[in-house]
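The primary structure of each chain is shown beneath.
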Amino acid sequence: MNFLSIFVLIPLLMLLGLWVARNLNQVRGVMVAGSTALLALAVYLVFAFLEAREADKVSEMLFTASFNWFPALNIKYSVGVDGISVAMLLLSAIIVFTGTFASWQLKPLTKEYFLWFTLLSMGVFGFFISVDLFAMFMFYEIALIPMYLLIGIWGSGKKEYSAMKLTLMLMGGSAFLMCGIFGIYYGTGAATMNIVDIANHANGAVPFSNHSLENLWFVFTFTGFGVLGAMFPFHTWSPDGHASAPTAVSMLHAGVLMKLGGYGCFRIAMYLMPEAANELGWIFLCLTGISVVYGAFSACVQTDLKYINAYSSVSHCGLVLFAILMMNQVAATGAILQMLSHGLMTALFFALIGMIYGRTHTRDVRELSGLMKIMPFLAVCYVIAGLANLGLPGLSGFVAEMTIFVGSFSNVGNFYTMWTIIACTSIVITAVYILRLVGKILYGVCENEHHKLLTDATWDERFSVVCLILCVAGLGLTPWWMSDLIGTGTQPIIDVINSAKEFLYVPF
Amino acid sequence: MDYSQFLNMQAELSLLAVIVILFVADLFMCGDGKKGVYNTCLPVVLLTIHTVLNICPCCQGAGEAFGGMYVHTPMMSIVKSVLAVGTIVTFLMAHKWLSREENLIKQGEFYLITLFTLLGMYFMISSGHFLMFFIGLETASIPMAATVAFDKNRYESAEAGAKFILLALFSAGLLLYGISLIYGATGTLYFDEIGKTLTLSNPLALLGLVLFISGMGFKISLVPFHLWTADTYEGAPTVVTGFLSVISKGSAAFVLFTVLIKVFPELVGAWNQAFMWIIIFSITVANVFAVRQNNLKRFMAFSAISQAGYLVLGVMDGTAQGMTSLVFYLLVYMVANLGAFAVITTIEENSGKINISDYNGLYSTNPKLSFLMTLCLFSLAGIPPFAGFFSKFFIFMAAFKAGWHWLVLIALINTVISLYYYLLIVKAMYIKGPGFTEQKLVSISADNDRVMPEDGPIPTFRVDCYTRTALFICVAGVVLLGICGVAYNCIDSFSYGLDKVMEVCTGCCK
């Protein structure tokens, strides 16, 4: 058996383990063992991949394997990884690992909580290892549905509304996505669901027999994934969902699940329909440009800590889609780096917010002040997360945004330059809301008597926060090996997209 | 006379044997005996033997009997086995209900009537002649009315029975009229011969087709022929509702498909047009109505109408892939829906509650039942990794391949609406209610459901072993049928050759 499938097998075993677990300690034991194994496997995969890539520079996917699932429809369970998916798998493993510790104290129904949590992570891992459209779509939906129960049962605030809104909007997106997948399957004439085979079967010629239908399927697919990637105007589920979700679910959702959207847009929509991507990319570029700026401005006026971070996620995830639509190598690598960086720092942010909320029982900025004296550890970590968010050199945010904007500026044409300048303003706006926030809640004098009695982080909280900070700093200080890894994955996709440049349409 | 042709009818004959054995056993069981082996055990064992016998030789080729009145293909025996398994599950579900004081004495009637319905469906599926088809159809639907009115002391049950029989007869009348028009046009009632001679240029053909579709539309409860569904489903005993929503609907849908491709291949454009609108209205109207329901049986009625709409998507263009997906959809829908009905029945029998709002906080008192219900509902909504996702994916794929892109998109958007109302039940079970901190684990004694506080969740109870078995079968199906591709691949291997039939016919047309 191919060792990539172990990424799905481990969560499956964890589900079984949770099923038979009798008490809280056993549940925690299963979760720690499983998530550690996943992390170890992901780290091993990075090194194994680098080695294998040295040996084989030609094939796009490495460690491929395939099992004939539904021969009648030529649907296979195929796995394989390239540089992008390796990076994403590593990110997911880190978030699942730290998320487990962040929900250490969660009550009630701990066992059920971890059951759905593990199912969610199974979907995420399965999505990133699949190279077959059907299997990919299946794992995508597996990852979506546990969110309903996770938010609905363990959430806070108007959780029923948020959970339903999130689920229905994402499922609505996946309805269009499914239509797009059928369109690709029957439109290309390749009669296969394997992504690499579809991309290569026409040897660089236009694979779709009907170009206007290709445009339609591109719009469906990109929008379908774009909903999960929080693309304007389909981002509205994100603030409500994140605000109501419990800590670890926010972490996993903002950290990993939203990346499924960006990854899918790049790997499926743009890679398989390069002509349509060149022709219609500008429409989506405008939309994502709007989300970048709009998300940042919205974050400025929010008073709920989680809403601020959720809108900040809209802005940063918008930047991911923005960068891949620039359709050049540097920007695309920056996009994947941004996924990694945003995943790590937003998970850190949500973890910290959850910890603060667990103590103060409020997330309202107006009611919090002077936390630095009361819980110095959490406060310092919060500052670090904020600085990473606004792109301070040395932390991960800087590396990603720098790469994106350098790549974007190198695109020729007033249209691209204009949108790049607009998107760049988000850096300033981010600095505004982050610094204001930090100043308001961490510094000054604590006015609430009740808050003065609170304690600092416990060992499990410290552990998960420190892990995330190390990753953020590690990515910020040594970005080259990650960007090299990612570059090997983005190169072939960008080549395919550029080969269809004759379809390129730019408004001005 | 060649007696070997009876071998082709092995499924019907063995079912008849089961019926006779049960009938004789019923005569010799006194009142006490009916609480013992005769209650559920004997019928289930006999029916299981029948099903196993039925599945095994399905690898044999096709055959016919009575000069083509009766035809047999491997695909048909698969569908028959699916229906038989569904009936077994229904019997298992019915145990507690039949063990009631007033039902003990007449449980034999329930088994016999249900099995006769099944026999009628067998004949209907295997018919090669309109007369056989009609006899089968009536054998399937008239006894059904008796089971719908089985709780004769309940006013709603009797009313439901009356509604059902009236509309069944009305639809049978339409169907007969359609058949007579077709006979007038072609001068024969054999499916094969009609298919060869009936063309679109014949004015009676189109009218016959329309009447045939409306007659079958009543059986499958497609919009706009669905008006009886909600009332009948609500009034009928819950077990019967389960049977009605799956077995009777499924058999009719399969027969619709086979008759359409055998009898009306030249009119493929016409029935595509008709079904496009029927499907759009069925899923949309039913979904919109289902959102507003509080009674769970009415809710399931509208859910069943919309599921029938998806099921009929396989009919579009009459492709082999459509046939495979339709049968697979039927199988998956059967396990998921019967699973949900098993939960509903056992909750109704133990607490008397049937409204969605009664399910508030069910997870805190009956976690396992709620969990199984959730799996079944997710499967109905088409959420992976449960089988419903696969069946929906394949049936949409088949319709998409036939070129009905917009229809598929509308159906897909409707799955989102259906997800909304299925999640309403999940929400009631998990999220609403008194919360998990103050669990009231009150065990229920024999007859005190009135003592319970009105607003508390349904108290904890033990599920009897027959219902457990039914649930086990259903949930195993829900979890495994999709993931293990065997079921689909196996069904697919029997639908070969269909495309050729359609090609030849449309070729003639051109």
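None of the values given here were measured: they were computed from a predicted structure.

Chemist: Would you mind going over the overall build of chain A in detail, with residue names and values included?
Modeler: Check the secondary structure of chain A and you find 20 helices and two strands. Considered along the principal axes of its C-alpha atoms, chain A spans approximately 70 × 55 × 45 Å. A burial count over chain A gives 67% of its 508 residues as buried. Taking all contacts inside chain A whose residues are at least 6 apart in sequence as the whole, residues at least 24 apart take part in 81%.

Chemist: Tell me about the overall build of chain B, and name the residues and values.
Modeler: Check the secondary structure of chain B and you find 21 helices and two strands. Oriented by its inertia axes, the alpha-carbon framework of chain B measures out at about 70 × 55 × 40 Å. Burial status across chain B gives 64% buried among its 510 residues. Taking the intrachain contacts of chain B between residues at least 6 apart in sequence as the baseline, contacts between residues at least 24 apart amount to 80%. Here chain B has roughly 17900 Å² of accessible surface; of this, 67% comes from carbon and sulfur atoms. In chain B, 28 side chains carry a positive charge and 30 a negative one; their mean positions are 5 Å apart.

Chemist: If you had to explain helix α18 (residues 414-442) of chain A to someone new, which residues and values would you point to?
Modeler: For α18(A), spanning 29 residues, the distance from its first C-alpha to its last is 43 Å, which sits close to the expected 42 Å at 1.5 Å a residue. Of the residues trailing α18(A), A:Gly444 is marked for its positive phi of about 85°.

Chemist: I'd like a description of the packing of aromatic side chains, backed by residues and values.
Modeler: Inspection of every chain in the model, using the stated rule, returns 83 aromatic pairs over all chains. Where A:Trp69 meets A:Phe134, the ring centres are 5.5 Å apart and the plane angle is 75°; that geometry is what we call edge-to-face. Here A:Trp69 is found in strand β1 (residues 62-70), whereas its partner A:Phe134 is found in helix α5 (residues 133-144), with 65 residues between them in sequence. Like A:Phe134, A:Trp69 is buried. Judged by centre distance (5.9 Å) and plane angle (80°), the ring pair of B:Phe170 and B:Phe218 falls under edge-to-face. Remark: B:Phe218 occurs in helix α9 (residues 203-220) and B:Phe170 occurs in helix α7 (residues 155-186); sequence separation between them is 48 residues. The cationic tip of B:Lys80 hangs over the ring face of B:Tyr122; the distance from NZ or CZ to the ring centre is 5.7 Å. Over the ring of B:Phe150 we find B:Lys106, and its NZ or CZ is 4.6 Å from the ring centre.

Chemist: Let's hear about the pattern of salt bridges: which residues, and what values?
Modeler: If you walk through the whole model with that rule in mind, you get 16 salt bridges over all chains. Measuring nitrogen to oxygen at the nearest pair gives 3.7 Å for the salt bridge that ties A:Glu160 to B:Lys427. Residue A:Glu160 is found in helix α7 (residues 159-188), and its partner B:Lys427 is found in helix α18 (residues 405-430); the two belong to separate chains. A relative accessible area of 27% places A:Glu160 in the partly exposed class.

Chemist: So, the side chain of B:His95: which residues are in play, and what are the values?
Modeler: In this fold, B:His95 is placed in helix α3 (residues 74-98). Leaving out residues up to four positions away in the same chain, B:His95 has contacts with B:Asn39, B:Thr40, B:Asp464 and B:Tyr466.

Chemist: Summarise the interface of chain B and chain A; cite the residues concerned and give the values.
Modeler: Each partner contributes residues to the interface: chain B has 39 residues there, and chain A has 41 residues. Roughly 3800 Å² is buried in total at the junction of chain B and chain A, and carbon and sulfur atoms are behind 87% of that figure. Of all residues in chain B, B:Phe393, B:Phe400 and B:Ile431 give up the largest surface area on contact with chain A, accounting jointly for 16% of the area buried on that side. Where chain B meets chain A, there are four residue pairs in polar contact (both at pLDDT 80 or more). Secondary structure elements with two or more residues in the side of chain B that touches chain A: α16 (367-381), α17 (387-401), α18, α19 (465-483) and α20 (486-492) of chain B. Taken together, the residues of the side of chain B that touches chain A break down into 29 nonpolar, six polar and four charged.

Chemist: Pulling in residues and values, what's your account of the confidence of the model for chain B?
Modeler: Residue and element names in this part refer to chain B. On average, chain B scores 85 in pLDDT, and the residues at 70 or more come to 90%. In this model, residues 436-453 is a region of pLDDT below 50 whose contacts with residues beyond four sequence positions or in other chains number 21 contacts. At the level of chain-chain contacts, confidence expressed as ipTM amounts to 0.91, with global pTM at 0.91.

Chemist: Before we move on, could you go through the state of the cysteines and cite the residues and values that matter?
Modeler: All names here are of chain A. Counted under the stated rule, the structure contains zero disulfides over all chains. Free of any disulfide, Cys300 has its nearest neighbouring cysteine sulfur in Cys424, separated by 17 Å. Cys424 takes part in no disulfide bond, and the closest cysteine sulfur, belonging to Cys286, lies 16 Å away.

Chemist: Talk me through the nonpolar core; I want residue IDs and the actual numbers.
Modeler: Judged by nonpolar contacts, the single largest core of 401 residues is most densely connected at A:Tyr382, B:Phe130, B:Phe133, B:Phe264, B:Trp271, B:Phe275 and B:Phe393. Ignoring any residue separated from it by four or fewer positions in sequence, one finds B:Phe264 in contact with B:Ile182, B:Leu198, B:Ala205, B:Leu209, B:Phe212, B:Val259 and B:Trp271.

Chemist: If you had to explain α18(B) to someone new, which residues and values would you point to?
Modeler: The terminal C-alpha atoms of α18(B) lie 37 Å apart, and with 26 residues this matches the ideal 38 Å at 1.5 Å per residue to within 8%. Summarising burial for α18(B): 19 of the 26 residues are buried, a large majority.

Chemist: Would you mind going over the pairing of strand β2 (residues 75-81) of chain A in detail, with residue names and values included?
Modeler: Residue and element names in this part refer to chain A. Counting buried residues along β2, six of its seven residues qualify, which places the element largely inside the surrounding structure. Pairing of β1 with β2, which is carried by six bridges, proceeds in the antiparallel orientation. Bridge pairing links Phe67 to Tyr77 in β2.

Chemist: Before we move on, could you go through empty space enclosed by the protein and cite the residues and values that matter?
Modeler: Residue and element names in this part refer to chain B. The full count for this structure, using the stated rule, is eight cavities of 30 Å³ or more. Counted as a void, the largest cavity has a volume near 180 Å³. In this structure, the largest cavity is lined by 17 residues; those nearest its centre are Ala140, Ser141, Phe164, Lys219 and Ser248. Of all the secondary structure elements, the ones that give two or more residues to the lining of the largest cavity are α5 (107-125), α6 (130-148), α7, α9 and α11 (238-263). Residues of the lining of the largest cavity, tallied by class, amount to 12 nonpolar, four polar and one charged. In this structure, the second largest cavity occupies an estimated 150 Å³ of space.

Chemist: Account for unusual backbone geometry, with residues named and values stated.
Modeler: Going from A:Phe232 to A:Pro233, the amide bond is cis rather than trans, its omega being 0°. Looking at the secondary structure, you find A:Pro233 in the loop between α9 (211-228) and α10 (237-244). Residue B:Pro224 is bonded to the preceding B:Val223 through a cis peptide linkage, with omega at 5°. With respect to the helices, strands and loops of the structure, B:Pro224 is situated in the loop between α9 and α10 (229-235). In this structure, A:Phe63 is a non-glycine residue whose phi angle is positive, near 55°. Residue A:Phe63 is classed as partly exposed on the basis of its relative accessible area, which comes to 23%.

Chemist: Let's hear about the packing of helix α13 (residues 296-312) of chain B against α17(B): which residues, and what values?
Modeler: Residue and element names in this part refer to chain B. Closest axis-to-axis distance for the α13/α17 pair is 9 Å, and the angle between their directions is 50°. The pairing of α13 with α17 is recorded here as oblique in orientation. Every residue of α17 that contacts α13 at Gln307, Tyr310 and Leu311 is listed here: Lys392, Ile395 and Phe396. A class-by-class count of the residues in the contact of α13 with α17 yields four nonpolar, one polar and one charged.

Chemist: I'd like to hear about the packing of helix α6 (residues 146-154) of chain A against α18(B), residue by residue, with values.
Modeler: For the pair α6(A) and α18(B), the least separation of the axes is 11 Å and the interaxial angle reads 40°. As for the relative orientation of α6(A) and α18(B), their crossing is right-handed in sense. Touching A:Tyr148, A:Leu149 and A:Ile153 of α6(A) are B:Leu423, B:Val426, B:Lys427 and B:Tyr430, all from α18(B). By residue class, the composition of the contact of α6(A) with α18(B) is six nonpolar, no polar and one charged.

Rules and cut-offs
- Residues numbered from 1 in each chain as written.
- Chains lettered and ligands numbered in written order.
- Predicted model: local features only at pLDDT ≥ 70, side-chain atom pairs only at ≥ 80, totals over all residues.
- Heavy atoms only, no water.
- Helix = DSSP H or I, 4+ residues; strand = E, 2+ residues; numbered from the N terminus.
- Buried < 20%, exposed > 50% of the residue type's maximum accessible area, 1.4 Å probe, protein only.
- Contact = heavy atoms within 4.5 Å.
- Areas by Shrake-Rupley, 256 points an atom, 1.4 Å probe, with all protein chains shown as cover.
- Lys, Arg positive; Asp, Glu negative; His and termini not counted.
- Charge placed at Lys NZ, Arg CZ, Asp CG, Glu CD.
- Expected span 1.5 Å × (residues − 1).
- Phe/Tyr/Trp six-rings, centres within 6.5 Å; stacked < 30°, edge-to-face > 60°.
- Lys NZ or Arg CZ within 6 Å of the ring centre and 35° of its normal.
- Salt bridge = Lys/Arg side-chain N within 4 Å of Asp/Glu carboxyl O.
- Buried area = accessible area lost by both parts, 1.4 Å probe.
- Polar contact = N/O pair within 3.5 Å; in protein donor to acceptor, adjacent residues only side chain to side chain.
- Nonpolar A, V, L, I, M, F, W, Y, C, P; charged D, E, K, R; others polar.
- pLDDT = per-residue confidence, 0-100.
- Disulfide = S-S within 2.5 Å.
- Core = buried A, V, L, I, M, F, W, Y, C linked by side-chain atoms within 4.5 Å.
- Pairing = 2+ DSSP bridges.
- 1 Å grid on protein atoms, 1.4 Å probe; cavity = no way out; pocket = protein on both sides within 12 Å on 5 of 7 lines; lining within 4 Å.
- Points joined across faces, edges and corners; volume = space filled by probe spheres on them.
- Axes fitted to C-alpha atoms, helices over the stretch in contact; angles between N-to-C directions.
- Parallel < 35°, antiparallel > 145°, perpendicular 65-115°, else oblique.
- Left-handed = near helix turned anticlockwise from the far one by under 90°.

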